[in-house]
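Here's the letter readout for the chains.
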Amino acid sequence: VAFLEMNDKIVKEKVEVAAREFALSESWPQWLTGDQVKNLAHRVHAGRGLLQAILGRQLPNAQLLRMPRSNDREKFIRWLLVERWNMGGAAYLRALTNRYLADAGEKDAP
(Lines give C-alpha, C1' and ligand atoms only; values in the text may rest on other atoms or scores of the structure.)
Protein backbone atom coordinates (compact mmCIF):
# COMPACT_ATOMS: atom_id res chain seq x y z
CA VAL A 1 0.00 0.00 0.00
CA ALA A 2 2.95 2.31 0.57
CA PHE A 3 3.71 1.69 -3.10
CA LEU A 4 0.25 3.01 -4.00
CA GLU A 5 0.80 6.17 -1.98
CA MET A 6 4.14 6.78 -3.68
CA ASN A 7 2.64 5.86 -7.05
CA ASP A 8 -0.12 8.43 -6.53
CA LYS A 9 2.44 11.15 -5.85
CA ILE A 10 4.57 10.25 -8.89
CA VAL A 11 1.89 9.69 -11.57
CA LYS A 12 -0.85 12.01 -10.29
CA GLU A 13 -0.58 14.69 -13.00
CA LYS A 14 -0.52 12.22 -15.92
CA VAL A 15 -3.36 10.19 -14.42
CA GLU A 16 -5.51 13.29 -14.04
CA VAL A 17 -4.82 14.22 -17.69
CA ALA A 18 -5.84 10.66 -18.67
CA ALA A 19 -9.04 10.90 -16.61
CA ARG A 20 -9.93 14.19 -18.31
CA GLU A 21 -9.23 12.68 -21.74
CA PHE A 22 -11.43 9.71 -20.84
CA ALA A 23 -14.22 12.04 -19.74
CA LEU A 24 -14.08 13.72 -23.17
CA SER A 25 -13.59 10.74 -25.45
CA GLU A 26 -15.00 7.81 -23.41
CA SER A 27 -11.86 5.78 -24.12
CA TRP A 28 -8.65 5.53 -22.16
CA PRO A 29 -5.54 7.10 -23.71
CA GLN A 30 -3.14 4.66 -25.37
CA TRP A 31 -0.11 6.29 -23.73
CA LEU A 32 -0.90 5.06 -20.20
CA THR A 33 1.86 3.16 -18.40
CA GLY A 34 1.27 0.22 -16.08
CA ASP A 35 1.69 2.39 -12.97
CA GLN A 36 -0.80 4.92 -14.32
CA VAL A 37 -3.33 2.18 -15.09
CA LYS A 38 -2.91 0.82 -11.55
CA ASN A 39 -3.56 4.30 -10.12
CA LEU A 40 -6.62 4.76 -12.33
CA ALA A 41 -7.95 1.36 -11.30
CA HIS A 42 -7.90 2.46 -7.66
CA ARG A 43 -9.56 5.76 -8.52
CA VAL A 44 -12.30 3.97 -10.44
CA HIS A 45 -12.77 1.43 -7.63
CA ALA A 46 -13.06 4.20 -5.02
CA GLY A 47 -15.44 6.16 -7.27
CA ARG A 48 -17.60 3.11 -7.87
CA GLY A 49 -17.83 2.48 -4.13
CA LEU A 50 -18.85 6.08 -3.54
CA LEU A 51 -21.54 5.90 -6.22
CA GLN A 52 -22.88 2.62 -4.84
CA ALA A 53 -23.07 4.11 -1.35
CA ILE A 54 -24.89 7.20 -2.64
CA LEU A 55 -27.34 5.24 -4.80
CA GLY A 56 -27.93 2.67 -2.04
CA ARG A 57 -28.64 5.48 0.41
CA GLN A 58 -25.82 4.21 2.63
CA LEU A 59 -24.18 7.62 2.74
CA PRO A 60 -26.54 9.69 4.88
CA ASN A 61 -24.80 13.00 4.21
CA ALA A 62 -24.36 12.59 0.46
CA GLN A 63 -25.92 16.01 -0.08
CA LEU A 64 -22.86 17.52 1.61
CA LEU A 65 -20.66 16.31 -1.24
CA ARG A 66 -20.23 19.10 -3.71
CA MET A 67 -21.36 17.09 -6.74
CA PRO A 68 -21.82 18.81 -10.07
CA ARG A 69 -25.46 19.82 -10.41
CA SER A 70 -25.94 19.04 -14.07
CA ASN A 71 -26.39 16.19 -16.49
CA ASP A 72 -22.91 16.83 -17.89
CA ARG A 73 -21.32 13.36 -17.97
CA GLU A 74 -17.85 14.75 -18.68
CA LYS A 75 -17.99 17.05 -15.69
CA PHE A 76 -19.27 14.25 -13.44
CA ILE A 77 -16.45 11.85 -14.46
CA ARG A 78 -13.84 14.55 -13.82
CA TRP A 79 -15.44 15.17 -10.42
CA LEU A 80 -15.41 11.47 -9.56
CA LEU A 81 -11.91 10.54 -10.80
CA VAL A 82 -10.00 13.75 -10.13
CA GLU A 83 -11.70 16.09 -7.68
CA ARG A 84 -13.14 13.45 -5.31
CA TRP A 85 -9.87 11.50 -5.39
CA ASN A 86 -7.99 14.63 -4.39
CA MET A 87 -10.38 15.05 -1.48
CA GLY A 88 -10.43 11.43 -0.33
CA GLY A 89 -7.67 9.47 -2.05
CA ALA A 90 -5.41 9.59 0.98
CA ALA A 91 -8.24 8.27 3.17
CA TYR A 92 -8.91 5.49 0.64
CA LEU A 93 -5.24 4.45 0.67
CA ARG A 94 -5.20 4.60 4.49
CA ALA A 95 -8.23 2.30 4.59
CA LEU A 96 -6.47 -0.15 2.28
CA THR A 97 -3.45 -0.08 4.58
CA ASN A 98 -5.64 -0.73 7.63
CA ARG A 99 -7.40 -3.60 5.85
CA TYR A 100 -4.10 -5.13 4.75
CA LEU A 101 -2.66 -4.91 8.27
CA ALA A 102 -5.83 -6.38 9.79
CA ASP A 103 -5.77 -9.28 7.30
CA ALA A 104 -2.06 -9.87 7.97
CA GLY A 105 -2.75 -9.88 11.73
CA GLU A 106 -5.44 -12.54 11.31
CA LYS A 107 -3.02 -14.75 9.36
CA ASP A 108 -0.39 -14.35 12.09
CA ALA A 109 -2.82 -15.24 14.88
CA PRO A 110 -2.48 -18.81 16.24
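Up top is the structure.
None of these values were measured; they are calculated from a predicted model. (Residues numbered from 1 in each chain as written. Predicted model: local features only at pLDDT ≥ 70, side-chain atom pairs only at ≥ 80, totals over all residues. Heavy atoms only, no water.)

Chemist: Got a minute to help me understand the side chain of Arg43 in this structure?
Modeler: With respect to the element layout, Arg43 can be found in helix α2 (residues 34-55). Apart from the residues lying within four places of it in its own chain, the contact partners of Arg43 are Asp8, Lys12, Val15, Glu16, Leu81, Val82 and Trp85. (Helix = DSSP H or I, 4+ residues; strand = E, 2+ residues; numbered from the N terminus. Contact = heavy atoms within 4.5 Å.)

Chemist: When you look at the packing of aromatic side chains in this model, what are you seeing that I'm missing?
Modeler: Both the distance between ring centres and the angle between the ring planes are used here to describe each pair of aromatic rings. Applying the stated criterion across every chain, the model contains two aromatic pairs. A centroid spacing of 4.0 Å and a plane angle of 10° characterise the contact between Phe22 and Trp28, whose relative ring orientation is stacked. Of the residues examined, Phe22 reaches a relative accessible area of 15% and is grouped as buried. Ring centres 5.4 Å apart and planes at 35° place the aromatic pair Phe76 and Trp79 in the tilted group. A residue pair is termed a helical-turn pair when its members lie 3 or 4 positions apart in one helix, as Phe76 and Trp79 do in helix α3 (residues 73-108) at three residues. Looking at Trp79, the relative accessible area reads 1%, which means it is buried. In this structure, Lys14 is placed above the aromatic ring of Trp31, and the distance from its NZ or CZ to the ring centre is 5.5 Å. (Phe/Tyr/Trp six-rings, centres within 6.5 Å; stacked < 30°, edge-to-face > 60°. Buried < 20%, exposed > 50% of the residue type's maximum accessible area, 1.4 Å probe, protein only. Lys NZ or Arg CZ within 6 Å of the ring centre and 35° of its normal.)

Chemist: So what exactly am I meant to see when it comes to the nonpolar core here?
Modeler: Nonpolar side chains in soluble globular proteins generally cluster together in the buried interior. Membership of the largest hydrophobic core is limited to eleven residues, which are Val11, Val15, Ala18, Ala19, Phe22, Ala23, Leu32, Leu40, Ile77, Leu81 and Val82. The set of elements that each furnish at least two residues to this core consists of α1 (2-25) and α3. Tallying contributions element by element places α1 first for this core, with six residues. (Core = buried A, V, L, I, M, F, W, Y, C linked by side-chain atoms within 4.5 Å.)

Chemist: Would you mind showing me how to read the pattern of salt bridges here?
Modeler: Oppositely charged side chains may form a pair once their charged atoms are brought near each other. All chains considered together, the criterion is met by three salt bridges. Of the charged contacts in the structure, one is a salt bridge between Arg73 and Glu26, with a shortest N-O distance of 3.4 Å. In this pair, Arg73 sits in helix α3 while Glu26 sits in the loop between α1 and α2, placing the two residues 47 residues apart along the sequence. (Salt bridge = Lys/Arg side-chain N within 4 Å of Asp/Glu carboxyl O.)

Chemist: Even after reading the chapter, I still don't get the environment of Arg48, so can you show me in this structure?
Modeler: Along the chain, the position of Arg48 falls in helix α2. Take Arg48: its relative accessible area is 52%, and that puts it in the exposed class. Between the alpha carbons of Arg48 and Leu80 there is a distance of 8.8 Å; along the sequence they are 32 residues apart.

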